[in-house]
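Spelled out, the chains give:
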Amino acid sequence: VAGLLPVCVRKSRMCLWTAVNHCSSALSALVFSPAAILAWLWYKPAAWAEASAGLGELLLFRNCALLVGATLVGFLGLSFQTRGYQLEQAARASVMTVLEIPFAYVLQYALFHEELSLLGLLGVVVVCSATVLNLVRRQQLNDAAAS
């Protein structure tokens, strides 16, 4: 499903990036997040207690400030990503989506000091290798078509 993101955003390149981001945020806030929360509450009866405890923690000033900061950084990142998808061809932009996986894994280690696992590193190698092989093959096809 994530592979459709560059294609959908590229199709909307005539729209302002802010309109695309605001529609995405509105759908997330009003449809997808409530649906996920309801599914969680339905699936796990103990979720009510976890949700109320989490809400109590969220209302602390420090946590509210962190949430606002994370929201602003996330919106800025989404803005750059949306504009990049609008400017680039969908096939090339989809590489950005695929490379988010290993990039996030490395950031998880670098910023949060979470332990790297052999399986996780193998996943990073597989994703990066597949991306490089795809780009090499695409370049070979472009060179063959040019000659």
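Scroll up a little and you will see the structure.
Residues numbered from 1 in each chain as written. Predicted model: local features only at pLDDT ≥ 70, side-chain atom pairs only at ≥ 80, totals over all residues. Heavy atoms only, no water.

## Some words on the side chain of Gln86
One can find Gln86 in helix 4 (residues 61-87). What Gln86 contacts, discounting residues up to four positions off in sequence, is Val9, Arg10, Ser12, Arg13, Cys15, Leu16, Trp17 and Val20. (Helix = DSSP H or I, 4+ residues; strand = E, 2+ residues; numbered from the N terminus. Contact = heavy atoms within 4.5 Å.)

## Considering the packing of helix 2 (residues 17-43) against helix 4
Packing of helix 2 against helix 4 leaves a shortest axis separation of 9 Å and a crossing angle of 125 degrees. With respect to helix 4, the element helix 2 is oriented oblique. Considering how the two elements wind past one another, helix 2 and helix 4 form a crossing that is right-handed. Between helix 2 and helix 4, the contacting residues are Trp17, Val20, Asn21 and His22 on the first element and Phe75, Leu78, Ser79, Thr82, Arg83 and Gln86 on the second. (Axes fitted to C-alpha atoms, helices over the stretch in contact; angles between N-to-C directions. Parallel < 35°, antiparallel > 145°, perpendicular 65-115°, else oblique. Left-handed = near helix turned anticlockwise from the far one by under 90°.)

## As for helix 2
Taking 1.5 Å of rise per residue, 27 residues should cover 39 Å, and helix 2 covers 36 Å from first to last C-alpha, within 8% of that figure. Of all the bends in helix 2, the greatest measures close to 45 degrees and is centred on Ser28. Where helix 2 is concerned, the buried positions are Val20, Asn21 and Leu41. The secondary structure elements touched by the buried residues of helix 2 are helix 3 (47-58) and helix 4. (Expected span 1.5 Å × (residues − 1). Bend = angle between axes of the 7 residues up to and from the residue. Buried < 20%, exposed > 50% of the residue type's maximum accessible area, 1.4 Å probe, protein only.)

## Side note on the layout of surface pockets
The computed volume of the second largest pocket comes to approximately 230 Å³. Taken together, Met96, Glu100, Phe103, Ala104, Leu107, Leu111 and Phe112 form the lining of the second largest pocket. Of the residues contributing to the lining of the second largest pocket, the split by class is 6 nonpolar, no polar and 1 charged. (1 Å grid on protein atoms, 1.4 Å probe; cavity = no way out; pocket = protein on both sides within 12 Å on 5 of 7 lines; lining within 4 Å. Points joined across faces, edges and corners; volume = space filled by probe spheres on them. Nonpolar A, V, L, I, M, F, W, Y, C, P; charged D, E, K, R; others polar.)

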